[in-house]
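The residues making up each chain are set out below.
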Amino acid sequence: MALSTVGQELINFQKQKELTDTQIAFESHFSVEKIHQIKAGEAVPTDEEAQRLSAYFASKK
């Protein structure tokens, strides 16, 4: 499965902010497993999940 746009944004955000998957999961209220799946391209986030992650990214700028 190809990496979603949100997955790529998640990877870039993580590199930029130097955060671990656990930190992102805790702060964004996602499971660590879900963060791993999105980053690995194993899961495509739903529209609601994508909106939640986008809101999380925006809150950390």
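Let's talk about the nonpolar core
Phase 1: Within the largest apolar cluster, 13 residues are counted, with the highest numbers of intra-cluster contacts made by Leu10, Ile24, Ile35, Leu53, Tyr56 and Phe57.
Phase 2: Every element with two or more residues in this core is listed here: helix 1 (5-17), helix 2 (21-28), helix 3 (32-40) and helix 4 (47-59).
Phase 3: For this core, the leading source of residues is helix 4, giving four residues.

So, the environment of Ser54
Phase 1: Tracing the backbone through its elements, the reader meets Ser54 in helix 4.
Phase 2: Given the relative accessible area of 35%, Ser54 is considered partly exposed.
Phase 3: Expressed as a C-alpha distance, the spacing of Ser54 and Glu9, which sit 45 residues apart in the sequence, is 8.8 Å.

A few points about the pattern of salt bridges
Phase 1: Applying the stated criterion across every chain yields a total of three salt bridges.
Phase 2: Residue Lys39 is joined to Asp21 by a salt bridge in which the shortest nitrogen-to-oxygen separation is 2.7 Å. You can see Lys39 sitting in helix 3 and its partner Asp21 sitting in helix 2, a full 18 residues away along the chain.
Phase 3: By relative accessible area, Asp21 is classed as buried at 12%.

Regarding the side chain of Gln14
Phase 1: Note that Gln14 resides in helix 1.
Phase 2: Since its relative accessible area comes to 12%, Gln14 is described here as buried.
Phase 3: There is a polar contact of 2.6 Å between the side chain of Gln14 and the side chain of Lys39.
Phase 4: In contact with Gln14, not counting residues within four places along its chain, are Leu19, Thr20, Asp21, Ile24 and Lys39.

With respect to the packing of helix 2 against helix 3
Phase 1: Remark: helix 2 packs on helix 3, axes separated minimally by 8 Å, with the N-to-C direction vectors making an angle of 115 degrees. Compared by their axis directions, helix 2 and helix 3 come out roughly perpendicular. The way helix 2 lies across helix 3 gives a crossing that is right-handed. When helix 2 is examined against helix 3, the residues Asp21, Thr22, Ile24, Ala25 and Ser28 are found in contact with a partner set consisting of Val32, Ile35, His36 and Lys39.
Phase 2: A breakdown of the residues in the contact of helix 2 with helix 3 according to their chemical character gives four nonpolar, three polar and two charged.

Thresholds, definitions, all that
Sequence order as written defines the numbering, with residues in each chain counted from 1. Thresholds applied to this predicted model are a pLDDT of at least 70 for local features of residues and 80 or more for the giving and counting of side-chain atom pairs; totals over whole chains, interfaces and linings are not thresholded and use all residues. Heavy atoms throughout the structure, all of them, feed into the side-chain values; hydrogens and water do not. In this text, buried Ala, Val, Leu, Ile, Met, Phe, Trp, Tyr and Cys residues form a nonpolar core when linked through side-chain atoms within 4.5 Å. The rule is simple: take the accessible area with a 1.4 Å probe, protein chains only, and divide by the maximum for that residue type; under 20% is buried, over 50% is exposed, in between is partly exposed. Secondary structure is summarised from DSSP: a helix means a run of H or I of at least four residues, a strand means a run of E of at least two, and numbering begins at the N terminus for each. Any Lys or Arg side-chain nitrogen found within 4 Å of a carboxyl oxygen on Asp or Glu counts as a salt bridge. We define a polar contact as two N or O atoms separated by no more than 3.5 Å, with the added condition that, inside protein, one atom must be a possible hydrogen donor and the other a possible acceptor, whereas residues neighbouring each other in sequence contribute only through side-chain atom pairs. When checking whether two residues touch, look at their non-hydrogen atoms; a contact exists if any pair is within 4.5 Å. Angles here are taken between N-to-C directions and fall from 0 to 180 degrees, while the axes themselves are lines fitted to C-alpha atoms, restricted in helices to the stretch in contact. Angular relationships are summarised with four words: roughly parallel below 35 degrees, roughly antiparallel beyond 145, roughly perpendicular across 65 to 115, and oblique for the angles in between. Should the near helix be turned counterclockwise from the far one by less than a right angle, the crossing is left-handed, whereas a clockwise turn marks it as right-handed. Classes in brief: Ala, Val, Leu, Ile, Met, Phe, Trp, Tyr, Cys and Pro nonpolar; Asp, Glu, Lys and Arg charged; the others, Gly included, polar.

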